[in-house]
Amino acid sequence: MALLEATNITKIFGGLVAVNDVTFTVEPGSIVSVIGPNGAGKTTFFNVLTGIYKPDKGRVVFAGQDITGWRSDQIAALGMRRTFQNIRLFGNMTVLENVLIGMHVHLHASIWSIIFRGRTMVREEAKARNKALELLSFVGIADKRDELAKNLPYGDQRRLEIARAMAGDPKIILLDEPTAGMNPHETAEATQLIRRLRDERGITVILIEHDMRLVMSISERISVLDYGSKIAEGDVQAIRTNPRVIEAYLGKGAAGQAA
Amino acid sequence: MTTSTSSQSLWQRVTAPLSSGPAAYGFLALYVLACSVLLLTNPRTELSTDIVFVLFMLSMLVAYRSRVAGWFKVVLGVVALGVVLPYFGTLNPFYIDVATQAGIFTALALGLNVVVGFAGLLDLGYVAFFAVGAYAWGIFSTPQISEINPAWGPVDPVMFYPFLIIGLILGLITGVLLGLPVLRLRGDYLAIVTLGFGEVIRVVANNLDRPINITNGSQGIRAIERPPLIIVDQIRNLGIVADDNRLYQLFFYYLVLIIVLLTVIVVARLKHSRIGRAWEAIREDEVAAVAQGIPRVRMKLMAFAIGASFAGVMGVVFASKQLFINPPTFDLLRSINILAMVILGGMGSIPGAMLGAIIVTMLDLQILPRIAAVLREAQAAGAPIPRQFDPTQYQRLLFGLLLVVMMIFRPEGLWPDERRREEQHEVEIADEELEADKAAK
Amino acid sequence: MAVDATVAPTTARRSLGEVLGVVFGPVGQLLAFIVGSAASLSLIVVVLALILSPAQPDMMQRVLIILPQVIIDGLVRGFLFATIALGYTMVYGVLEFINFAHGEIFMIGGVVGATVSFLLVSAGTLESVPPLVFVLLVILVAMAFCGILAVTVERIAYRPLRNAPRLVPLISAIGMSLILQDLARLVMTSTPLGFNARYQTPNFGQPIQLFTMEVGERSVPVILIPRDLIFIVAATIMLVVLNYVVNATKLGKAIRATAQDMPTASLMGIDVNRIIALTFLIGGALGGAAGALFGLRIGTVNPYMGLIPGLKAFTAAVLGGIGNITGAMVGGVVLGFLEAFVAAYLSIFTAGNFSGAAYADVAAFSILILLLIFRPSGLLGEATTQKV
Ligand SMILES: Nc1ncnc2c1ncn2[C@@H]1O[C@H](COP(=O)(O)OP(=O)(O)OP(=O)(O)O)[C@@H](O)[C@H]1O
Ligand SMILES: [Mg+2]
């Protein structure tokens, strides 16, 4: 059974159809990519999946539940986490605290046990801290745990966002342009990290990317959006040779030459 | 920018040795001792005593901040606040009243700080929850209750203690009821709605003498009961002569002190828990916080209700201490007053809220009247000061200036929360960069 | 912005018909809401009276006798809220910021009007000034003073904080509002004006009898006092002019562009600082005029009179859809009628147990809260999605 199934998703802003009747399925344990030119509606699609926007039409089923219209925090609690295209860390909190925030749904200390420093609360906090440190070393920034998030270099901020997303023990992570603005060396490291997410932790990954090398090397399936509509879907080979995709990226006429 | 950092490091060079290590113990002990001696040897009400008194109160915050062993802080606190200050109060009752008042407002400021500082919700009707607690005790402890139903009579004054809890619960319930609808909204609407709510509560208190007389309208409620003093007879048996009012002053002082201590502990623990972290995350970036699974409305509601419940408790204490309440006691100006304390001290900072409460109470009760006296003297000596001008009557101007000036020059407050400080300055830096960019073009 | 850009060439020269359309379209909408809310509220009170009349036979008569007067009162209150609400909504539209001190600008408008009147009285010329000249004089002086004051406040207390977190300028605005209250008080109590300054006017003449109404055997005259008439006429003129400025001039287009997307507007060569200052100037001038007219109508002004009308006007702005200029007018009128009806009928229907005058405020804020729960985008506002 598919882990995530979005059917006929449409999202309209005023007169602009940002996502148009998109159907999209993700099998558990896979790495899939969503690509498309700027303004194609990729981020909007993520926002619909994660509940930040309500779709105007369509249905989203995740982990066997119909989550259409759920609040964003409920969807996150069910195990869908994401990163943001324009990094949204809690800049004035420490690196470690950022990861702890990601764990919020797994911390249950009651207000009483917090006020009275109950054993459960103390133990829970210690466990959470250890787990957060483990995640930070997984993404390779454990030594920076006490720095403020906003003081991290750009690449480390991206890593921290991934660690924060992992902190909720998600079934699936949605990465919105995780290598944007990175140099080739950093991109290679990020690619490694994304692979390890799936291989070592078993987390399913959906990826929005403009870096075609990365997309082609890592994805098992690719969906292509253009002007809000899905114009193609398939494995790497199929997408590489699809004339509509080439046209969308390179403009009319290019398809004929490439073929 | 550079000048401020270098002056800061100078400041740090002076204070660092005094705030940790053996020197800190000596410094703090000496500081408290010196203030105590000065206070106790000159208990008259005058400017020099005011200054020493403020320094004395500040010593507690300095101790709180410095890195000395916990037991030492406790000893200092018990000696200063538990012994020296009350004893000084028996020499000069005015100051113990000031201290009690400052304590009440400290608790209120700490409560509002949860709402405004931790969760970033601007509540301009905070005093409404204070009013709810005050009216609860006012109505139930006096014959006013018989106006509602002739079959009911006032409760036993000893019920004051359970009523502290009832006040807390009432504050909590009111907070939830108001918060539920409005906390879904974007932040700045909240300010207006809470302001409106504060006004509504005041209007209702003013007019709910008909059809059933519940609040006694604009007359207010008089002769509110104080709890019985348990150990008074034993004290009298010891041969100490003390009149009731003096004893009640001490009683309320200690009661408020205990409540403030509990409040500080609760607030500090909340701040450093999963709940406090969630509040901070929401304050920094709501969308990102929600994407981590934090239920936005529920967490905001929690902050709002916790803040309200502190106000509910203090309302009960306040009514009983003042003996009299009426609707103008709970006007917008008082909400602004508490907000000014939080902002002066630094939003989100616990010592900041306490410092703010102490400074503003002192301004209100001591410094402004003193300036007024000076002005009157100057006027008598022929200075061109308008006769009607009385600084104690211009609190709005004072608080208004305080809010604007703080926002423009020091939004992080006098005693900022460590992290918050950077958040606010960042904006200025970004601004400067923008300006520089512009200039370059 | 995108829409504006594409239609720009065609709108560079608008025909007179188009101009009339954009100016009077909103006025028509406003008129529809005036008639609609007056009619539906009248219907409600009549139905209530019908329900209660078996128990109290004279109920219907009591309700009907005052109805025309209540409607006039509602109209006056409505225009008052509308003129103040415009200031809130214009600033909010451009800066997404609640200009808390706007109620005080309104109050100072009243004080300025009272000062002009006081100066005329001291000069002994008040009675000899033609009423129309007097009204124009106080309005223009108040508009000039308050417009400049609003711009000054923006320059001092808001502009330095434009990029700060949202709470920061809001708190500064609250502080500014307190400062203005006490400064006004300081000035008033140090001068012969006094805390409750009298606002004398030339004789505006007799009340105008509109028509008489037959209720049962009695015939009740329906009158319009000249002060109300002045208020209604002046407010209407201001609203029409504002609509013209905002919808049919280049300046108005710049304001709308800035409101829609400040960075883009600035890239298109619009001086954003100037537009913001102008917004404050227009909003402040309208608020000042409203204050001068309001003081003139009730005959006295005091430094704390701005808070409650300010709050209600903000409610009106939210009611109409904050940021929407027509919405502010509509919201003001609807709120004005609601309040007038509550004030007049609450105590009749509750047998005097709840004073309508006192609970009118409660009604206004209850409306605000209900509205924010059920339709936070207001009557005319569109639901927008925050871009993530
Ligand atoms: N909240 C919103 N309100 C109005 N329009 C929006 C909103 N969010 C997105 N859009 C519009 O929807 C379209 C799709 O935007 P989206 O951000 O989804 O594109 P994208 O594929 O992620 O592009 P990019 O590769 O540049 O990130 C764009 O035209 C954008 O301007
Ligand atoms: Mg995108």
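Sequence order sets the numbering: in each chain, residues are counted from 1 along the sequence as written. As they are written, the chains are lettered A onward and the ligands numbered 1 onward, keeping that order. Given that this is a predicted model, residues contribute local features only at a pLDDT of at least 70 and side-chain atom pairs are listed and counted only at 80 or more, while totals for whole chains, interfaces and linings are drawn from all residues. The basis for every side-chain value is the complete set of heavy atoms in the structure, and neither hydrogens nor water enter the calculation.

Q: Where do I start with the interface of chain C and chain B in this structure?
A: Interface size is commonly expressed as the accessible area that is lost once the parts come together. In what follows, a contact means two residues having at least one pair of non-hydrogen atoms within 4.5 Å. Listed as interface residues are 51 residues of chain C and, on the opposing side, 47 residues of chain B. Simply put, the buried area is the total loss of 1.4 Å probe accessible area from both parts when two parts are fitted together. Together, Leu167, Ile171 and Leu178 of chain C form the three largest contributors to the area buried by chain C at its contact with chain B, with a combined 13%. A carboxyl oxygen of Asp or Glu within 4 Å of a side-chain nitrogen of Lys or Arg is what we treat as a salt bridge. At the junction of chain C with chain B, the criterion picks out zero salt bridges. Under the DSSP-based scheme used, a helix requires at least four consecutive residues in state H or I and a strand at least two consecutive residues in state E, with every element numbered from the N terminus. Elements with a minimum of two residues in the side of chain C that touches chain B: helix H5 (131–158), helix H6 (167–190), helix H11 (307–320) and helix H13 (356–374) of chain C.

Q: Would you mind showing me how to read the coordination of the magnesium ion (ligand 2) here?
A: Octahedral metal centres with six donors ideally show angles of 90 or 180 degrees, and tetrahedral centres with four donors ideally show 109.5 degrees. Residues and elements named next belong to chain A. Shown as donors are all N, O and S atoms within 2.8 Å of a metal ion, widened to 3.2 Å for Na, K and Ca; because water is not in the atom set, sites may appear incomplete. Each protein donor to the magnesium ion (ligand 2) is listed here as Thr43 (OG1) and Gln85 (OE1); together their distances run 1.8 to 2.1 Å. A residue pair is termed long-range when its members are at least 10 positions apart, and Thr43 in helix H1 (residues 42–49) and Gln85 in the loop between strand E6 (80–82) and helix H3 (95–102) qualify at 42 residues. A simple rule labels every residue: compare its accessible area, found with a 1.4 Å probe on the protein chains alone, to the largest value its type can have, and call it buried under 20%, exposed over 50%, or partly exposed in between. Judged by its relative accessible area of 16%, Thr43 falls in the buried class.

Q: What is the right way to read the sheet that holds E6 of chain A from this model?
A: Within a sheet, neighbouring strands are paired by backbone hydrogen bonds and run either parallel or antiparallel to one another. Residue and element names in this part refer to chain A. Between any two strands, pairing holds if DSSP finds at least two bridges. Strand order across the open sheet formed by six strands is E6-E7-E8-E3-E9-E10, with mixed pairing between neighbours. Lying at the two open borders of the sheet, with one neighbouring strand each, are E6 and strand E10 (229–234). On average, adjacent strands in this sheet sit at an angle of 20 degrees to one another, irrespective of strand direction. Only C-alpha atoms enter the line fits that serve as axes; for helices the fit covers just the stretch in contact. Angles between N-to-C directions range over 0 to 180 degrees. Contacts from H1 reach strand E3 (31–35), E6, strand E7 (172–176), strand E8 (204–208) and strand E9 (221–226), with the element oriented near 145 degrees to E8. Contacts from helix H6 (residues 154–166) reach E6 and E7, with the element oriented near 155 degrees to E7.

Q: I would appreciate a short explanation of the sheet that holds strand E4 (residues 57–62) of chain A in the present structure.
A: Residues and elements named next belong to chain A. With antiparallel pairing, the four strands of this open sheet are ordered in space as E2-E1-E4-E5. With one partner strand each, in any of the chains shown, strand E2 (16–26) and strand E5 (65–66) form the two edges of the open sheet. H1 contacts strand E1 (4–13), E2 and E4 of the sheet and is inclined by roughly 115 degrees relative to E1.

Q: Please explain the site of ligand 1 as it appears in this structure.
A: A molecule or strand has a residue near it when one of that residue's heavy atoms lies within 4 Å. Around ligand 1, the structure places 17 residues, and the nearest of them are Gly39, Lys42, Thr43, Thr44 and Gln85 of chain A. Residues within reach of ligand 1 are spread across chains A and C. We call two N or O atoms a polar contact when they sit within 3.5 Å, provided that within protein one can donate a hydrogen and the other can accept it, with sequence-adjacent residues counted only if both atoms are side-chain atoms. Here Lys42 of chain A contributes a side-chain N or O atom positioned 2.8 Å from an oxygen atom of ligand 1. His210 of chain A places a polar side-chain atom, nitrogen or oxygen, 2.9 Å from an oxygen atom of ligand 1. Contact with the protein chains removes 76% of the 640 Å² of surface that ligand 1 exposes when unbound. Ranked by residue count, the leading element in the shell around ligand 1 is H1 of chain A, at three residues. Amino acids are sorted into nonpolar (Ala, Val, Leu, Ile, Met, Phe, Trp, Tyr, Cys and Pro), charged (Asp, Glu, Lys and Arg) and polar (every other residue, Gly among them). Among the residues making up the shell around ligand 1, the classes are represented as five nonpolar, nine polar and three charged. Only the protein chains shown count as cover for residues, and all accessible areas are computed by the Shrake-Rupley method using a 1.4 Å probe.

Q: Could you clarify how one ought to interpret helix H3 (residues 47–65) of chain B in this entry?
A: Residue pairs spaced three or four apart in an α-helix point in one direction, given the helix's 3.6 residues per turn. Residue and element names in this part refer to chain B. A helix's residues, less one, multiplied by 1.5 Å, set its expected span. Under the 1.5 Å per step criterion, the end-to-end length of H3 is 27 Å for 19 residues, consistent within 8% with the ideal 27 Å. Where H3 is concerned, the buried positions are Thr49, Asp50, Val52, Phe53, Phe56, Met57, Ser59, Met60, Leu61 and Ala63. The inward-facing, buried residues of H3 contact helix H2 (22–41), helix H4 (70–91), helix H5 (93–118) and helix H16 (350–380).

Q: Help me out: how do you make sense of the pattern of salt bridges in this one?
A: Pairing of side chains with opposite charge becomes possible as their charged atoms draw close. Taken as a whole and judged by the stated rule, the model has 32 salt bridges over all chains. The closest approach of N and O atoms between Arg201 of chain A and Glu134 of chain A, which form a salt bridge, is 2.6 Å. Linking Arg201 of chain A in helix H7 (residues 184–201) with Glu134 of chain A in helix H5 (residues 119–139), this pair joins segments that are 67 residues apart in sequence. Owing to a relative accessible area of 35%, Glu134 of chain A belongs among the partly exposed residues under this scheme. The closest approach of N and O atoms between Arg196 of chain A and Glu200 of chain A, which form a salt bridge, is 3.2 Å. Pair noted here: Arg196 of chain A and Glu200 of chain A are both in helix H7, with a separation of four residues, about one helical turn. Where salt bridges share partners, they join Asp73, Arg77, Asp228, Arg297, Lys312, Glu339 and Asp361 of chain C into one cluster.

Q: I would appreciate a short explanation of the environment of Ile111 of chain A in the present structure.
A: Here Ile111 of chain A is to be found in helix H4 (residues 111–115). Expressed as a C-alpha distance, the spacing of Ile111 of chain A and Met121 of chain A, which sit ten residues apart in the sequence, is 9.5 Å. With residues near it in sequence (within four places) discarded, Ile111 of chain A still touches Leu270, Ile275 and Ile306 of chain B.

Q: Sorry, what's going on with the confidence of the model for chain A here?
A: Note: predicted coordinates in regions of low pLDDT should not be interpreted at a detailed level. The pLDDT value tells you how sure the predictor is about a given residue, anywhere from 0 up to 100. Model confidence for chain A is summarised by a mean pLDDT of 92, while 97% of its residues fall at 70 or above. Across residues 255–259 of chain A, confidence stays below pLDDT 50; counting only partners more than four residues off in sequence or on other chains, it has four contacts.

Q: I keep staring at the domain arrangement of chain A and nothing clicks. Help me out?
A: Residue and element names in this part refer to chain A. Domain start and end points were adopted from an automatic or database domain assignment. Structurally, chain A comprises domain 1 (1–79 + 170–259) and domain 2 (88–169). For domain 1 versus domain 2, the separation of C-alpha centres amounts to 27 Å. Facing the 19 residues of domain 1 at the interface are 14 residues of domain 2. If you look at where domain 1 meets domain 2, you find two salt bridges.

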